Amino acid sequence: MKALVLSGGMGTRLRPLTYSTPKQLIPVAGKAVLEHVLDNILAAGITEIGVIVGDRADQIRAVIGDGSRFGARITYIPQAQPLGLAHCVLIAREFLGDDDFLMYLGDNVLPEGITEIAGNFAAQRPAAQLVVQKVTDPRAFGVAEVDASNTVTRLAEKPAEPRSDLALIGVYFFTPAIHRAVAEIRPSARGELEITDAVQWLVQNGACVKASEYVGFWADTGSVDAVLECNRRLLDELRPQRLGEVDDASDLTGPVLLAPGARVVRSRIEGPVIIGPGSVVEDSHIGRYTAIGGDCTVRHTRVEDSIVQDGSSLSDLRGLSGSLIGRTASVTTTRRHRLIVGDDSWVEVAS
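The sections below set out a description of the structure shown in this document.

Cut-off values and rules
- Residues numbered from 1 in each chain as written.
- Predicted model: local features only at pLDDT ≥ 70, side-chain atom pairs only at ≥ 80, totals over all residues.
- Heavy atoms only, no water.
- Helix = DSSP H or I, 4+ residues; strand = E, 2+ residues; numbered from the N terminus.
- Buried < 20%, exposed > 50% of the residue type's maximum accessible area, 1.4 Å probe, protein only.
- Contact = heavy atoms within 4.5 Å.
- Areas by Shrake-Rupley, 256 points an atom, 1.4 Å probe, with all protein chains shown as cover.
- Lys, Arg positive; Asp, Glu negative; His and termini not counted.
- Charge placed at Lys NZ, Arg CZ, Asp CG, Glu CD.
- 1 Å grid on protein atoms, 1.4 Å probe; cavity = no way out; pocket = protein on both sides within 12 Å on 5 of 7 lines; lining within 4 Å.
- Points joined across faces, edges and corners; volume = space filled by probe spheres on them.
- Nonpolar A, V, L, I, M, F, W, Y, C, P; charged D, E, K, R; others polar.
- Axes fitted to C-alpha atoms, helices over the stretch in contact; angles between N-to-C directions.
- Parallel < 35°, antiparallel > 145°, perpendicular 65-115°, else oblique.
- Left-handed = near helix turned anticlockwise from the far one by under 90°.
- Phe/Tyr/Trp six-rings, centres within 6.5 Å; stacked < 30°, edge-to-face > 60°.
- Lys NZ or Arg CZ within 6 Å of the ring centre and 35° of its normal.
- Core = buried A, V, L, I, M, F, W, Y, C linked by side-chain atoms within 4.5 Å.
- Salt bridge = Lys/Arg side-chain N within 4 Å of Asp/Glu carboxyl O.

A word on the overall build of the protein chain
Across its full length, the protein chain holds eight helices and 31 strands. Taken across its 351 residues, the protein chain has 55% of its residues classed as buried. Looking at the protein chain alone, contacts between residues at least 24 apart form 48% of all its contacts between residues at least 6 apart. Carbon together with sulfur atoms contributes 46% to the accessible area of the protein chain, which is approximately 15,200 Å² in total. In the protein chain, 35 side chains carry a positive charge and 44 a negative one; their mean positions are 2 Å apart.

Written as structure tokens, this is what we have:
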């Protein structure tokens, strides 16, 4: 089985961060979302992976490379315009060949993994197997209607009056039967080839389509709130490790991951917290659910429930909470605020 990872989206809900960084590279619990995706794929035993990329291909390639450090082989497949999920299958036809494959949206995080679901698909080989989750408001999702045997009887895209609470969550398993379905459908009203239309074509033409329910935490990290919630959930599973330096005047409580080269001076850290490699924390209080990237400096600052990306600087901040700070940004002097700061920014907020 192969995997097809979709990483070409624009990430408009994460601007200004995504003006310069692909949303799939936003870090959650110290690691890019896309790396969490690859972890799940590899855990399912899949090592041949195609990655759909748009105009940020060079940045994704710089982080992921050829896949060798993950034990995988990665093929990059360019998509000039985002023309729908089924269009991704269409342009990946040469890479996919006649193999079964997993299609996985590159901004989705499923910490409990998909190994068992992948095993069920490999054993039963329905034409398609959709990963679904029960949601309180299905109107914002593609929705699967199923019978008592979890066979899909109908799909609806963002229905005004849903007849099911099973939402599609961006993970799909396909046999080569999907290629004919993709060839048969036409663009939707928004000009895209919809994967729900392709799967519905399979259903209408008598193919076996199954749904598998994922019951763990799931996040589509397309918004700041979703990124921060995902960061909290993953940090709750953090294993403490102290590989950096902590002076005698500092106090660390709870699970703290202190990466090599990191230094903590006259500071208090309440885990779960990650301090990245080469980062310096001085005269500061780092509260729960904070992930600080590599080569950052944090001085005279109180911060909690936030993500600070590589190379950034925080100073003289009285209370930063629920914030997402881009790479190599500089933020100074504020009372308690929530900030969304893009890469390479310099921000001074009046106290």
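Looking at the layout of surface pockets
Empty space within the second largest pocket amounts to approximately 810 Å³. Of all elements in the fold, only strand 2 (27-28), strand 3 (31-32), helix 1 (33-43), helix 2 (57-64), strand 7 (108-109), helix 8 (224-235), strand 23 (290-292) and strand 26 (307-308) reach the threshold of two or more residues within the lining of the second largest pocket. If you tally residues by element for the lining of the second largest pocket, the top one is helix 1, at five residues. Of the residues belonging to the lining of the second largest pocket, the class tally is 24 nonpolar, 11 polar and seven charged.

Brief notes about the side chain of Gln129
Looking at the element boundaries, Gln129 is found in strand 8 (residues 128-134). Accessibility expressed as a relative area gives 2% for Gln129, which makes it buried. Apart from the residues lying within four places of it in its own chain, the contact partners of Gln129 are Ile117, Asn120, Phe121, Tyr172, Phe173, Lys210 and Ser212.

Describing the packing of helix 6 (residues 177-184) against helix 7 (residues 195-204)
At their nearest, the axes of helix 6 and helix 7 sit 8 Å apart, and the two run at 115° to each other. Judged on the interaxial angle alone, helix 7 and helix 6 are roughly perpendicular. Where helix 6 crosses over helix 7, the handedness of that crossing is right-handed. Listed contacts from helix 7 to Ala177, Ile178, Arg180, Ala181, Val182 and Glu184 of helix 6 are Ile195, Ala198, Val199, Trp201 and Leu202.

Quick word on the packing of aromatic side chains
Taken as a whole and assessed by the stated rule, the structure comprises four aromatic pairs. Connected via pairs of aromatic rings, a cluster forms that spans Phe101, Tyr172 and Phe174. In this structure, Lys2 is placed above the aromatic ring of Phe95, and the distance from its NZ or CZ to the ring centre is 5.0 Å.

As for the packing of helix 1 against helix 2
Put simply, helix 1 and helix 2 touch, their axes get as near as 11 Å, and they point 55° apart. As the angle between them shows, helix 1 and helix 2 are arranged oblique. As helix 1 runs across helix 2, the sense of the crossing is right-handed. Within the contact between the two elements, helix 1 uses Leu34, Glu35 and Leu38 and helix 2 uses Ile60, Val63 and Ile64. Of the residues assigned to the contact of helix 1 with helix 2, the class counts are five nonpolar, no polar and one charged.

Considering the nonpolar core
Counting 36 residues, the largest nonpolar core has Leu4, Val89, Met103, Leu130, Phe174, Ile178 and Ile195 as the members making the most contacts within it. Looking at this core, the element that brings in the most residues is helix 7, giving six residues. When residues no more than four places from it in sequence are discounted, the contact partners of Ile195 are Leu85, Ala86, Val89, Met103, Tyr172, Phe174 and Ile178.

Side note on the pattern of salt bridges
Charged atoms that come close allow side chains of opposite charge to pair. The tally for this structure, following the rule as stated, stands at 17 salt bridges. For Asp99, the salt bridge identified is with Lys2, shortest N-O distance 3.1 Å. Taken together, the residues Asp99 in the loop between helix 4 (93-96) and strand 6 (101-105) and Lys2 in strand 1 (residues 2-7) connect sequence positions 97 residues apart. The exposure class assigned to Lys2 is buried, which follows from its relative accessible area of 10%.

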